There are 2 protein chains.
Amino acid sequence: MRGVKSIECFFSPRSIAVIGASDRKNTVGYTIFRNLLGAGKKVFPVNPNHPIIQGKKSFSSVKHIDREIDLAVIAVPARSVPQALKECMETGAKAAIIISAGFSETGEKELTGQIAGLIKKFPATRVMGPNCVGILDTYSGVDTTFFEKSRMETPKKGGLAFISQSGALGSMILDWVATQEFGISKFASYGNAMDIDEADLLEFLGADSRTKVITIYLEGAKNGRKFYSVAARVSRRKPIVVLKGGRSEETRKATASHTGSLAGSSSVYNSVFRQASIIQAEDLLDLFSIAKMLQEEPLPKGNRVQVITNGGGFGIVMADQLLMNGLRLAKLSKATVMHLRKEMPMATLSNPIDLIGDADAQRYRKAIEACLADSNVDIVVVLVLFNLPTLEAKKLSILRKARGKARKPTVVVSIGSGYTQKYLEMIERAGFTTFNYPSVAAKAISGIVSYAEYLKKTGKRK
Amino acid sequence: MRGVKSIECFFSPRSIAVIGASDRKNTVGYTIFRNLLGAGKKVFPVNPNHPIIQGKKSFSSVKHIDREIDLAVIAVPARSVPQALKECMETGAKAAIIISAGFSETGEKELTGQIAGLIKKFPATRVMGPNCVGILDTYSGVDTTFFEKSRMETPKKGGLAFISQSGALGSMILDWVATQEFGISKFASYGNAMDIDEADLLEFLGADSRTKVITIYLEGAKNGRKFYSVAARVSRRKPIVVLKGGRSEETRKATASHTGSLAGSSSVYNSVFRQASIIQAEDLLDLFSIAKMLQEEPLPKGNRVQVITNGGGFGIVMADQLLMNGLRLAKLSKATVMHLRKEMPMATLSNPIDLIGDADAQRYRKAIEACLADSNVDIVVVLVLFNLPTLEAKKLSILRKARGKARKPTVVVSIGSGYTQKYLEMIERAGFTTFNYPSVAAKAISGIVSYAEYLKKTGKRK
């Protein structure tokens, strides 16, 4: 089984063998085995030097386990990897993750060649790696990353999948994602990509019902043509957001010694991404802000943004960021202005709409409703200074009603200490996507607008 | 007294009168008086309608207070402001902050004219505002912002001054700054700038011993020529970082109705900033990241940055950001590479230096020391994945020694959940400037490099 379905075994195995499981703390073999045991999985230690590992009966070879193995996780020194992999393949393991490093990325040719030979000889076993940290599935609970739980938190369940060529960077990001309010469906780090590459994972995640948006950290696609054709297909169903590593001549060289693949030139990648409707993020923060926006908001019809604020300066800073990111400021229809003029005679009814400092929840609600109903507006950005004396922040929960049935992206931006964050979370629960920094919000909006434009161009959406 | 010294009274008054002090909760007059009382200041309520305000004897006019008033804070409706201000001036108040709005920014000409007349007639009283939230001094404890302490935190004491034309935006930023590890010396919001403007505040803060770096949110300088000449002078002694509001034709118009001043065109401001050696930030986050960098690190000799990492992908992302922000990647001398090759045979000794996943504190220390000693390196960026199994993060406190006497900026970047943040703070205490996002670190480094280049050009530094 070589199709995309064969990848399922990495994420939902019924049985797992850990080759190189260990009792020595702070080793990779110790932590992987411990994490999998802790997740309540059926997991077998393989270590010929110890009869018992972490209280479990240890096997001298994967061949001695009297059960079919769905997933083998290999964490032994590079020189022992070919033999370990061969035994897994001979015993019929459906999937193998090679955590170990020391192959093509360090210029090691012989061992790399042996593994390539095995992959060819035993096509029934799919291989991830070598030189990776494997996978995490928040729904099945399978986690082959080798980080102690005391050092790293696990993301919540959610709709973003994350593919990372770099294992360590990927794990660090997962740890950060755990502090954010959005969640992850599946994570995969595929390292040197000797069998499974980014295109295979894209294809698999494109069909995964838990995954709504796919994020990727990519240094260089193993097979550019395959990547392009899979991505162009998947991106029509699900948004793909990529952070490209190695964007200049100098950093391109560094990627060669990192994952053993020479990244293509920046301009080639830019054009591939554009043609495959892949949204490109500028940095780590944008990657997930754009993905969060794409997961939570409907696609906009255009790029005309209306800003609503209770603080003039904040509105101007936000509007500057929108324009700097290629968006346009909406121009309210005369009917909307006349309607709002009656409701709020003191407000500035332009773009930004300044509800002024004594705005209450009702004034916000009326302004949001009017903007969402205005056909000149594609997207609404609501700024709230929660700490103004006359604003009763808890009453802003009525904004839930303001969104009504309007299918237009509506985001709320604010920044501050605990008080502000508390009410911003309340607003998030009321159904709005929230951001702290105007620049980050503007980039996320720019991302969703790009995706909507891609779909329009490819004829998928009118 | 009209000189810059006269501004001191706003920040360190011995006596304060609050015109419009109130007992009605959630009003500006209530909160200002309450905040000042809470700070243990000698403060007198002025309100003709109540004999007692918040437990203190109230005066029907500032003239009836039998004490010289250093600072009067005026928070009454716009129409009552001229009379209140006149009384303050007649009684010899040295400084007055007009919090009230409803003057030039709303097109109100008569009241605006009356205030202008009083400022001319009584030059001994300096006036801040109208349409502002006044000032905050973390050292003297004076705080005239009208935000309930339950809704807003106060920044720590520190070396960054912050001037904001917009009061509400300024306050929101102060509240956010309170969650950061750097501190504020003085904050001033000057609104419509009828007397004191950004140039006066710049001059004053330039001479203020608590202030190391000056940050500004500026929509439009009241007097461009004065602003330029003061800024060009002050920036030779202290860095000035500005976030410009109203950077496009469309948002420039919005600033007119906000603070009543029409902002100049973007290209004019860009050139003024460059000529006056003012560093321009792109958004709120950058404004303070650049300022923090300038406060904490020595000035670099050039723009050649060496990256050190224990995760290859993280290093590549950081290097990409440095190059995107106009910095260069340093090229280590042969001697440095030979020295490090002996110490760490497995590391990739290029740029980034990849110490690889099993790096310990000693390897970091040796790499940092060697890079700081290399004359090909101007700035060092250290990336740490704290959650790698073999790294004993607490031992990284020895990096304190690695900086030694080298006068080169050295920053540490990492991101993650609680475990990582804990050790990143340890590193910050060990004397390094730390950042979470590669893009933010790169912009901060670009800011300090710009400032060093400005000083070199103006002949202040070789």
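Predicted, not measured: the structure shown is a model, and the values here were computed from it.

Colleague: I would appreciate a short explanation of the overall build of chain A in the present structure.
Modeller: A count of helices and strands for chain A gives 16 helices and 20 strands. Against the globule reference of 23 Å for 462 residues, chain A gives a C-alpha radius of gyration of 25 Å, in line with a compact fold. Dimensions of chain A along its principal axes, counting C-alpha atoms only, are 80 × 45 × 35 Å. The buried share of chain A, taken over its 462 residues, is 58%. Contacts in chain A between residues at least 24 apart in sequence constitute 75% of all its contacts with a sequence separation of at least 6.

Colleague: Whenever I open this one, the interface of chain A and chain B confuses me. Can you help?
Modeller: Interface size is commonly expressed as the accessible area that is lost once the parts come together. The interface is formed by 67 residues belonging to chain A together with 67 residues belonging to chain B. Mapped onto the side of chain A that touches chain B, the elements with two or more residues apiece are α2 (28-38), α5 (167-177), α8 (249-259), α10 (284-296), α11 (312-324), α15 (418-429) and α16 (438-457) of chain A. Counting residues per element, the side of chain A that touches chain B draws most heavily on α11(A), which supplies 10 residues. Grouping the constituent residues of the side of chain A that touches chain B by class yields 28 nonpolar, 29 polar and 10 charged.

Colleague: Which parts of the structure should I look at to understand the relation of the copies chain A and chain B?
Modeller: Each of the two chain copies can be brought onto the other by rotation about an axis and movement along it. Between chain A and chain B, which share one sequence, the superposing operator has a rotation angle of 180° and an axial displacement of 0.0 Å; the RMSD is 0.0 Å. Read as a symmetry element, the transformation amounts to a two-fold axis. A shared binding surface is used by both copies, with 100% of the interface residues of chain A retained as interface residues in chain B.

Colleague: Help me out: how do you make sense of the sheet that holds strand β2 (residues 43-46) of chain B in this one?
Modeller: Within a sheet, neighbouring strands are paired by backbone hydrogen bonds and run either parallel or antiparallel to one another. Residue and element names in this part refer to chain B. In space, the 5 strands of this open sheet follow the order β2-β1-β5-β6-β7, with parallel pairing throughout. Edge positions in the sheet fall to β2 and β7 (126-128), since each has one partner strand and no second. Pairs of neighbouring strands in the sheet enclose a mean axial angle of 20°, with direction left out of account. The pairing of strand β6 (residues 95-98) with β7 spans 3 bridges and is classified as parallel. Note that in β7 the partner of Ala96 across the bridge is Val127.

Colleague: What exactly am I supposed to notice about helix α6 (residues 198-206) of chain A here?
Modeller: What sets the pattern is the α-helix's 3.6 residues per turn: residues three or four places apart point alike. Burial analysis of α6(A) places 8 of its 9 residues in the buried class, the great majority of the element. In the core, the buried residues of α6(A) are packed alongside β9 (157-164), β10 (184-189), β11 (213-218), α7 (224-234) and β12 (240-244) of chain A.

Colleague: Just checking my understanding: could you explain the domain arrangement of chain A for this structure?
Modeller: Segmentation of chain A into domains returns domain 1 (1-131), domain 2 (152-296) and domain 3 (299-457). Taking only C-alpha atoms, the centre of domain 1 of chain A and the centre of domain 3 of chain A are 51 Å apart.

Colleague: What exactly am I supposed to notice about unusual backbone geometry here?
Modeller: Glycine aside, negative phi is the norm for most residues, and most peptide bonds take the trans geometry. Here the amide bond leading from Gly129(A) into Pro130(A) is cis, since omega sits at -5°, within 30 degrees of zero. Take Pro130(A): it is sitting in the loop between β7 (126-128) and β8 (134-137). Cis geometry is adopted by the peptide bond preceding Pro352(A), which originates at Asn351(A) and carries an omega value of 5°. If you trace the backbone, Pro352(A) turns up in the loop between β16 (348-349) and β17 (353-354). Notably, Asn131(B) is not glycine yet its phi reads approximately 65°, a positive angle.

Colleague: Is there a simple way to explain the sheet that holds β9(A) in this structure?
Modeller: Residues and elements named next belong to chain A. With mixed pairing, the 6 strands of this open sheet are ordered in space as β8-β10-β9-β11-β12-β13. Strands at the two margins of the open sheet, each flanked by one partner only, are β8 and β13 (279-281). The mean inter-strand angle of the sheet, taken between neighbouring strand axes irrespective of direction, is 20°. Note that β12 and β13 share 3 bridges and pair parallel. Paired with Val242 across the bridge in β13 is Gln280. Each of β9, β11, β12 and β13 is contacted by α10, which is oriented at about 165° to β11, the strand it contacts most.

Rules used throughout
- Residues numbered from 1 in each chain as written.
- Chains lettered and ligands numbered in written order.
- Predicted model: local features only at pLDDT ≥ 70, side-chain atom pairs only at ≥ 80, totals over all residues.
- Helix = DSSP H or I, 4+ residues; strand = E, 2+ residues; numbered from the N terminus.
- Rg over C-alpha atoms; globule rule 2.2 N^0.38 Å.
- Buried ≥ 20, exposed ≤ 12 C-beta atoms within 10 Å, placed from the backbone.
- Contact = placed C-beta atoms within 7 Å.
- Nonpolar A, V, L, I, M, F, W, Y, C, P; charged D, E, K, R; others polar.
- Least-squares fit on C-alpha atoms with pLDDT ≥ 70 in both.
- Pairing = 2+ DSSP bridges.
- Axes fitted to C-alpha atoms, helices over the stretch in contact; angles between N-to-C directions.
- Domains from an automatic or database assignment.

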